[in-house]
Amino acid sequence: MSIPELTLAPIPYFWPRERVFAFYAAVRDWPVDTVYLGETVCPKRRELRPADWAAIGQRLEAAGKRVVISTLTLLEAGSELGALRQLCRETRFTVEANDMAAVNVLARLGRPFVAGGPLNVYNPRSLARLRAAGAERWLLAAELGRDDAAALAAAEPAMTLEVLVWGRLPLAWSARCFTARAENRSRDRCGFVCQRDPDGRLTRTRDGRPFLNINGIHTESALTQSLAAEYPAVVAAGARALRIVPQAEGTEQVVAGFDALRHGADPGATTAALAPLAPVGTCNGYWHGQAGAAELEAAL
Amino acid sequence: MELVCPAGSLPALRAAVEAGANAVYTGFRDATNARHFAGLNFGERELERGIEHARARGCKVYLAINTYPGTAGWPRWRAAVDRAAGLGVDALIAADLGVLDYATERHPGLRLHLSVQASATNAEALDFHHRSFGIRRAVLPRVLSLQQVAQVAASAPVPVEVFGFGSLCIMVEGRCLLSSYATGQSPNTYGACSPAAHVRWEQQAGGLEARLNGHLIDRFAPGERAGYPTLCKGRFLVGGNAYHAFEEPTSLSSVDILADLQRAGVAAIKVEGRQRSPAYVAEATALLRAAIDACGSGSPAPTDAWQRRLGELAEGSQVTLGAYHRPWG
């Protein structure tokens, strides 16, 4: 069995420009193979222009990384479609499509692409349809687990299956900005308050248990999905790329942990070493076909 | 504009037809549709009777097969598409690429509507489904402003349908896993949000608690009206404040802007609520029928009175324009 790629998801949070540049300067030395760049959450977050992302991408390429530009997940305004068309036309990097709009534009241009998780691939026929449109790699939908991953990977062996092995789960998208709402602001006058939350904003149930994480128009799980203990099963299911979501602190150690796993480290020991890096705890329910928030024993 | 009304049962179907629906939408009694609740929806024989009843009165019948089949469930969804085609429904409402692909290949004459569950919020996404599957209409998610609806309607390759009244999904339909994260049962795969089997009510010293698979969704003070614990309408702690972090229990009502939706070129107005009673369906349908008819007549309409009556039908007795009204975001 070949060694899987490590990939770094786009930064889901609104970090200041300097922080983004510093982060990717460090990534050049990390053992990741593919780096996804770009803004996937909110069209108002424009600390970096397309030229900035291109410059970061070029430096990562020079350091031997493969670079993919990831698109917005929710497109509502005509101007957002315009920006999407321009990006797909002009970028020399592969594009990850997070909405059928991007699939349409890329298919029209004849450009191969990565099918993002929000495209909702749940069965082989859907995956085949995206392959026909030009997808050559796909991210497993967040709520799917081992059995679906294995069935889909077996149905399309020529495509690369990527699985989110570390990060808060992307759970929902809305027209409403919940960070602005928490500050009694409207989305139109948000004042970019989400920049105060480099890890999103923790939302607890009223008995104090961490539950969700508010990140602008995007809602994530509070718990971090960690599939470190499941590493052998993830690879056996057919995953050829393992995705790690950047977080405010500790991303480098997470990458190092999964790099060790793919070079033979013990999953149990690695899981224990990584657990403290999850800001409020870990979960793995989806991988086992259960509620995403559940934490189950690894089934090897 | 066509008025499309919910039919979660044969009595609800009859009520909607009687009250003036141009079309009703239905589903089979299983996870193939996004309103999979106990006691709801149709078996084959019932649907046959429903179609006969509606047709005789000039009303169309649409059928939703709008969840996402996994590999294991695929044969059941495929069979549902075949049954729908065999029964001669006026349109199939679908979201999944595989389901749409299968329906296109196997039943080329079957009219396809893109379900709101497909999360298609823009003209490029609609163009993809139009080019790929020849969809004839698309239901837009409840996240667009009136201006954005107009923009999509003007540039889309197919007519669009929007929600006019009913529960307000504040997340993009088809891209919300909140319920699945908490319960393991997903609107996308199982067809139900915050399913009743996971709801538990507990009287505690601090008030009545509503839990969803153990997660505390809300706590109601003595005397406070306790609503169904739909996850996104619960109260949570953000930075120490307990409030409706996502949305208050409220319903969407577009009565105030129906004329604007008509001017925007919207082809159909949908009433949400296949899980509601025939009496609710009758009243909501009759009100929306009157409101849509008034749009065409040019005479002043008793909008305030309608809005009051719709408010009485609404969740938490409150209505909102939701995302149609820009400041909501």
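Residues numbered from 1 in each chain as written. Chains lettered and ligands numbered in written order. Predicted model: local features only at pLDDT ≥ 70, side-chain atom pairs only at ≥ 80, totals over all residues. Heavy atoms only, no water.

**Notes on the overall build of chain A**
Which entries qualify depends on this criterion: Secondary structure elements are taken from DSSP: a helix is a run of H or I of four residues or more, a strand is a run of E of two residues or more, and numbering for both begins at the N terminus. Values of the radius of gyration come from C-alpha atoms, whereas the globule rule sets the reference at 2.2 Å times the count of residues to the power 0.38. Contact between two residues is taken to exist if any of their heavy atoms lie within 4.5 Å; hydrogens are not considered. Areas reported here follow the Shrake-Rupley algorithm with a probe of radius 1.4 Å; residue values treat only the protein chains shown as occluding. All tallies of charge rest on Lys and Arg as positive and Asp and Glu as negative; His and the ends of each chain are not included. All charge positions are set by atom: Lys at NZ, Arg at CZ, Asp at CG, Glu at CD.
Within chain A, the regular secondary structure consists of 10 helices and 12 strands. For 300 residues, the compact-globule formula gives about 19 Å, and the C-alpha radius of gyration of chain A, at 18 Å, lands near that figure. Over its C-alpha atoms, taken along the principal directions, chain A stretches across nearly 50 × 50 × 35 Å. Contacts spanning at least 24 positions in sequence make up 67% of the contacts within chain A whose residues lie at least 6 apart. For chain A, the exposed area adds up to about 10600 Å²; of that, 50% sits on carbon and sulfur atoms. Taken as two groups, the 34 positive and 32 negative side-chain charges of chain A have centres that lie 7 Å from each other.

**Things to note about the nonpolar core**
Nonpolar side chains tend to gather and get buried jointly when the protein is soluble and globular. What counts is decided by this rule: By convention a nonpolar core is built from buried Ala, Val, Leu, Ile, Met, Phe, Trp, Tyr and Cys residues, the set being connected through side-chain atoms within 4.5 Å. Throughout, exposure labels follow a simple rule: accessible area from a 1.4 Å probe, protein chains only, divided by the maximum for the residue type, with under 20% read as buried, over 50% as exposed, and the rest as partly exposed. Where each domain begins and ends is defined by an automated method or by a domain database.
Core analysis: the biggest nonpolar cluster contains 197 residues, and Tyr 24 and Phe 258 of chain A together with Ile 65, Tyr 181, Phe 246 and Leu 261 of chain B have the highest contact counts within it. Mapping this core onto the domain boundaries places at least three of its residues in each of domain 1 (2-168 + 250-320) and domain 2 (185-244) of chain B. Dropping the residues within four chain positions of it, Ile 65 of chain B is found in contact with Phe 28, Thr 32, Trp 77, Ala 80, Val 81, Ala 84, Leu 92, Ile 93, Ala 94, Ala 95 and Val 99 of chain B.

**Description of the layout of surface pockets**
All names here are of chain A. To be explicit about the condition: For each structure, a 1 Å grid was placed over the protein atoms alone; sets of points admitting a 1.4 Å probe that cannot get out are labelled cavities, open sets with protein on both sides within 12 Å along at least five of seven lines are labelled pockets, and lining residues have an atom within 4 Å of a point. Grid points are joined across faces, edges and corners, and a volume is the space filled by probe spheres set on the points.
The volume enclosed by the second largest pocket comes to roughly 970 Å³. Contributing to the lining of the second largest pocket are 35 residues, with Arg 46, Pro 50, Ala 83, Leu 84 and Leu 87 lying nearest its centre. Listing elements by their share of the lining of the second largest pocket, those giving two or more residues are helix H2 (50-62), strand S3 (66-70) and helix H3 (78-90). It is H3 that provides the largest number of residues to the lining of the second largest pocket, a total of seven residues.

**Some words on empty space enclosed by the protein**
The line we're drawing: Residue polarity follows a fixed list, in which Ala, Val, Leu, Ile, Met, Phe, Trp, Tyr, Cys and Pro are nonpolar, Asp, Glu, Lys and Arg are charged, and the others, Gly among them, are polar.
Following the criterion strictly, the structure yields six cavities of 30 Å³ or more and no others. Here the largest cavity defines a volume of roughly 540 Å³. Surrounding the largest cavity, 37 residues form its lining, Pro 118, Leu 139, Leu 164, Pro 170 and Trp 173 of chain A being those nearest its centre. For the lining of the largest cavity, the secondary-structure elements that each account for two or more residues are strand S7 (160-174) and strand S10 (218-226) of chain A together with strand S8 (171-176) of chain B. Of the residues forming the lining of the largest cavity, the biggest block, seven residues, is contributed by S7 of chain A. When grouped by side-chain class, the residues that make up the lining of the largest cavity number 22 nonpolar, nine polar and six charged.

**Some points on the UniProt feature "binding site: [4Fe-4S] cluster" (unreviewed entry) in chain A**
Note the threshold: UniProt positions are given in the numbering used here, feature names are shortened, and annotations may be inferred rather than shown by experiment.
In this structure's numbering, the residues bearing the UniProt feature "binding site: [4Fe-4S] cluster" (unreviewed entry) are Cys 42, Cys 177, Cys 190 and Cys 194 of chain A. Despite a sequence span of 153 residues, these residues sit close together in the fold, their greatest C-alpha distance being 11.6 Å. The annotated residues that sit in the lining of the second largest pocket are Cys 42 of chain A. Here Cys 177 of chain A lies in the loop between S7 and helix H7 (178-182). Aside from chain neighbours lying at most four places away, what touches Cys 177 of chain A is Arg 187, Gly 216 and Ile 217 of chain A together with Gly 329 of chain B.

**A few points about the sheet that holds strand S9 (residues 199-204) of chain B**
Sheets are built from strands paired through backbone hydrogen bonds, the pairs being either parallel or antiparallel. Residues and elements named next belong to chain B. For clarity, the threshold we go by: Note on pairing: DSSP must find at least two bridges between two strands before they are called paired. Angular values range over 0 to 180 degrees, each being the angle between N-to-C directions of two axes fitted as lines to C-alpha atoms, with helices fitted over their stretch in contact.
Within the open sheet, the three strands sit side by side as S9-S10-S11. Their pairing is antiparallel. Only two strands of the sheet have a single partner each, and these edge strands are S9 and strand S11 (215-220). With strand direction ignored, the average angle separating the axes of adjacent strands in the sheet is 25 degrees.

**Digging into the interface of chain A and chain B**
Applicable threshold: Here the buried area means the combined drop in accessible surface, using a 1.4 Å probe, for two parts upon being joined, counting both sides. By definition here, a salt bridge exists when the distance from a side-chain nitrogen of Lys or Arg to a carboxyl oxygen of Asp or Glu is within 4 Å.
Listed per partner, the contact involves 69 residues of chain A and 69 residues of chain B. Roughly 5600 Å² of surface becomes buried between chain A and chain B when both sides are summed, with 54% attributable to carbon and sulfur atoms. Scanning the region where chain A abuts chain B turns up 11 salt bridges. The element contributing the most residues to the side of chain A that touches chain B is helix H4 (residues 100-109) of chain A, with seven residues. Residue composition of the side of chain A that touches chain B, grouped by class: 36 nonpolar, 16 polar and 17 charged. As defined by bridge partners, strand S8 (residues 201-204) of chain A adjoins strand S12 (residues 236-238) of chain B across two bridges and the pair is classed as antiparallel. Residue pairing in the sheet places Arg 204 of chain A in a bridge with Leu 237 of chain B of S12 of chain B.

**Details of the packing of H3 of chain A against H4 of chain A**
All names here are of chain A. Going by this rule: Just so you know how the angles are binned, under 35 degrees is roughly parallel, over 145 roughly antiparallel, 65 to 115 roughly perpendicular, and the rest oblique. A clockwise turn of the near helix away from the far one marks a right-handed crossing, whereas an anticlockwise turn of less than a right angle marks a left-handed crossing.
The N-to-C vectors of H3 and H4 enclose an angle of 40 degrees; their axes lie 10 Å apart at closest approach. By the angle between their directions, the pair H3 and H4 is classed as oblique. Regarding H3 and H4, the two cross each other, and that crossing is right-handed. Here Leu 81, Leu 84, Arg 85, Cys 88 and Arg 89 of H3 come into contact with H4, specifically with Ala 101, Ala 102, Val 105, Leu 106, Arg 108 and Leu 109. Here the contact of H3 with H4 is built from residues that sort into eight nonpolar, no polar and three charged.

**So, the confidence of the model for chain B**
Selection criterion: Per residue, pLDDT measures the predictor's confidence, with a range of 0 to 100.
In this model, chain B carries a mean pLDDT of 94, and residues with pLDDT of at least 70 account for 100%. Across the interface, the model reports ipTM at 0.96; the global pTM reads 0.97.

**A word on the side chain of His 244 of chain B**
When you line up the elements, His 244 of chain B lands in the loop between strand S13 (241-243) and strand S14 (251-253). Discounting residues that sit within four places of it in the chain, His 244 of chain B has contacts with Arg 181 of chain A together with Asp 218, Lys 233, Gly 234, Arg 235 and Pro 249 of chain B.

**Quick notes on the packing of aromatic side chains**
Our working definition: Side-chain rings of Phe, Tyr and Trp (the six-membered ring for Trp) are treated as a pair once their centres are within 6.5 Å; stacked means planes under 30 degrees apart, edge-to-face means over 60, and tilted covers the remaining angles.
Summed over the entire model, instances satisfying the criterion amount to 13 aromatic pairs over all chains. Pairing Phe 23 of chain A with Trp 30 of chain A gives two aromatic rings, centres 5.4 Å apart and planes at 85 degrees, and the pair type is edge-to-face. Here the aromatic rings of Trp 201 of chain B and Phe 220 of chain B are separated by 6.2 Å at their centres, their planes lie at 35 degrees, and the arrangement is tilted. Here Phe 220 of chain B lies in strand S11 and Trp 201 of chain B lies in strand S9, a separation of 19 residues in the sequence. You can call Phe 220 of chain B buried: its relative accessible area is 6%. Each member of the aromatic cluster is reached from another via a ring pair, and the members are Trp 15, Phe 23, Tyr 24, Trp 30 and Trp 53 of chain A.

**Some thoughts on the domain arrangement of chain B**
Residues and elements named next belong to chain B. The test is simple: Counted as a polar contact is a pair of N or O atoms within 3.5 Å, where, for protein atoms, one must be capable of donating a hydrogen and the other of accepting one, and residues adjacent in sequence contribute only when both atoms are in side chains.
Once the domains are mapped, chain B shows domain 1 (2-168 + 250-320) and domain 2 (185-244). In this structure, domain 1 and domain 2 have C-alpha centres spaced 27 Å apart. Taken residue by residue, the interface counts 15 residues in domain 1 and nine residues in domain 2. Contact with domain 2 buries surface across domain 1, with His 36, Phe 37 and Tyr 68 losing the most and accounting together for 41% of the total. Inspection of the domain 1/domain 2 interface yields zero salt bridges. Between the two partners, domain 1 and domain 2, sit five residue pairs in polar contact (both at pLDDT 80 or more).

**Quick notes on the UniProt feature "binding site: [4Fe-4S] cluster" (unreviewed entry) in chain B**
All names here are of chain B. Mapped onto the present numbering, the UniProt feature "binding site: [4Fe-4S] cluster" (unreviewed entry) falls on Cys 169, Cys 176, Cys 193 and Cys 232. In sequence the annotated residues extend across 64 residues, while in space they remain close, none of their C-alpha pairs exceeding 10.3 Å. Following the sequence through the fold, Cys 193 ends up in the loop between helix H7 (178-183) and S9. In contact with Cys 193, other than residues within four places in its own chain, are Phe 37, Ser 179, Pro 187 and Thr 230. Within the element layout of this structure, Cys 232 appears in the loop between S11 and S12.

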